[in-house]
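Each chain is listed here by its residues.
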Amino acid sequence: AAFAPAKQVARTTAVKAFEEELGAQPPLGFFDPLGLVADGNEANFDRLRYVEIKHGRISMLAVVGYLIEEAGIRLPGNIAVDGTKFSDIPAGFAAVSAIPGAGLFQLFAFIGFLEIFVMKDITGGEFVGDFRNDAFDLGWDTFDEETKLQKRAIELNQGRAAMMGILALMVHEQLGVSLIPN
């Protein structure tokens, strides 16, 4: 009896209310290991989905930016009036200490401006994370519902992959192990 298999109790924190939501895909299905929406609160789920989409979009940009910097591509010209060039700024974490203080202030002020005034779902949109706000369409309305759902699922999955990707790039940089072949 000492080596008999232990009885496995199936445990899940998934709420049946969200099993059919966009992003609940094989092999995991709806994945909520911390039970953040175990109470079935739709508003809480929508807020978390909004944050997931937003972080995914930022991460996709971050991965592309990281790879461009690692490839040695820089903007032309100076980053500061003292003559510091964009090409003088190193890639990765070292860039933070190399950018002049006024430049960092401008960077954080611009990000704050975007966060407060631009990246908002003003009109409610078709779905959580729809920032078109009746001004920026690029042909979204020409797609049928199945195509729209497919494109949203692709964006969600690519955002998830990008979040893991930028995390891996940052960790490897701190470990001194380059993921970019020379």
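Bear in mind that the values here come from a model prediction, so they are computed numbers and not experimental data.

Enquirer: Can you tell me about the side chain of lysine 54, naming the residues and giving the values?
Expert: Tracing the backbone through its elements, the reader meets lysine 54 in helix α1 (residues 42–70). Within the structure, lysine 54 has its side chain in polar contact with the side chain of glutamate 115 (distance 2.5 Å).

Enquirer: Which residues make up the layout of surface pockets, and what values go with them?
Expert: In this structure, the largest pocket spans a volume of roughly 1,500 Å³. If you trace the largest pocket, you find 35 residues lining it, with Leu61, Ala62, Gly65, Leu107 and Ile111 closest to the centre. Elements that contribute at least two residues to the lining of the largest pocket include exactly α1, α2 (94–98), α3 (101–118) and α4 (145–175). Split into classes, the residues belonging to the lining of the largest pocket amount to 26 nonpolar, three polar and six charged. Approximately 760 Å³ is the volume attributed to the second largest pocket. Contributing to the lining of the second largest pocket are 25 residues, with Phe31, Asp32, Arg49, Glu52 and Arg160 lying nearest its centre. Within the residue set of the lining of the second largest pocket, elements represented by two or more residues are α1 and α4. Counting residues per element, the lining of the second largest pocket draws most heavily on α1, at six residues. Residues that form the lining of the second largest pocket fall into these classes: 16 nonpolar, five polar and four charged.

Enquirer: Hey, could you go over empty space enclosed by the protein for me, with residue numbers and the actual values?
Expert: A full pass over the atoms with the stated rule returns one cavity of 30 Å³ or more. Looking at the largest cavity, the residues that line it are Glu52, Ile53, Gly56, Arg57, Met60, Glu155, Leu156, Gly159, Arg160 and Met163. Of all the secondary-structure elements, those providing two or more residues to the lining of the largest cavity are α1 and α4. Partitioning the lining of the largest cavity into residue classes produces four nonpolar, two polar and four charged.

Enquirer: An account of the environment of glycine 65 is requested, with residue identities and associated values reported.
Expert: Here glycine 65 is to be found in helix α1. A C-alpha to C-alpha distance of 9.6 Å links glycine 65 and alanine 91, two positions 26 residues apart in sequence.

Enquirer: Before we move on, can you summarise the packing of aromatic side chains with the specific residues and values?
Expert: This structure, assessed with the given rule, holds six aromatic pairs. Measuring from centroid to centroid gives 6.2 Å for phenylalanine 30 and phenylalanine 45, while their planes differ by 45 degrees, and the two rings are tilted. With a gap of 15 residues between them, phenylalanine 30 in the segment before α1 and phenylalanine 45 in helix α1 connect regions that are remote in the sequence. Assigned by exposure class, phenylalanine 30 and phenylalanine 45 land together as buried. On the numbers, 5.4 Å between centres and 45 degrees between planes, the contact of phenylalanine 113 with phenylalanine 117 is tilted. Here phenylalanine 117 and phenylalanine 113 lie together in helix α3, a separation of four residues that amounts to about one turn.

Enquirer: Give a detailed account of the pattern of salt bridges, specifying residues and quantitative values.
Expert: The final tally for this structure, using the stated rule, is seven salt bridges. Linking glutamate 52 and arginine 49 is a salt bridge whose minimum nitrogen-to-oxygen distance equals 3.1 Å. In this pair, glutamate 52 and arginine 49 both sit in helix α1, three residues apart, roughly one turn of the helix. Overall, arginine 49 belongs to the buried group, its relative accessible area being 11%. Between glutamate 69 and arginine 74 there is a salt bridge whose closest N-O contact spans 3.2 Å.

Enquirer: Can you break down the nonpolar core residue by residue, with the values?
Expert: By size, the foremost hydrophobic cluster in this structure holds five residues: Val63, Tyr66, Ala162, Ile166 and Leu169. Elements that contribute at least two residues to this core include exactly α1 and α4. If one sorts the elements of this core by residue count, α4 sits on top with three residues. When near neighbours in sequence (up to four residues on either side) are disregarded, isoleucine 166 contacts Ser59, Ala62, Val63 and Tyr66.

Reading the values: rules and limits
- Residues numbered from 1 in each chain as written.
- Predicted model: local features only at pLDDT ≥ 70, side-chain atom pairs only at ≥ 80, totals over all residues.
- Heavy atoms only, no water.
- Helix = DSSP H or I, 4+ residues; strand = E, 2+ residues; numbered from the N terminus.
- Polar contact = N/O pair within 3.5 Å; in protein donor to acceptor, adjacent residues only side chain to side chain.
- 1 Å grid on protein atoms, 1.4 Å probe; cavity = no way out; pocket = protein on both sides within 12 Å on 5 of 7 lines; lining within 4 Å.
- Points joined across faces, edges and corners; volume = space filled by probe spheres on them.
- Nonpolar A, V, L, I, M, F, W, Y, C, P; charged D, E, K, R; others polar.
- Phe/Tyr/Trp six-rings, centres within 6.5 Å; stacked < 30°, edge-to-face > 60°.
- Buried < 20%, exposed > 50% of the residue type's maximum accessible area, 1.4 Å probe, protein only.
- Salt bridge = Lys/Arg side-chain N within 4 Å of Asp/Glu carboxyl O.
- Core = buried A, V, L, I, M, F, W, Y, C linked by side-chain atoms within 4.5 Å.
- Contact = heavy atoms within 4.5 Å.

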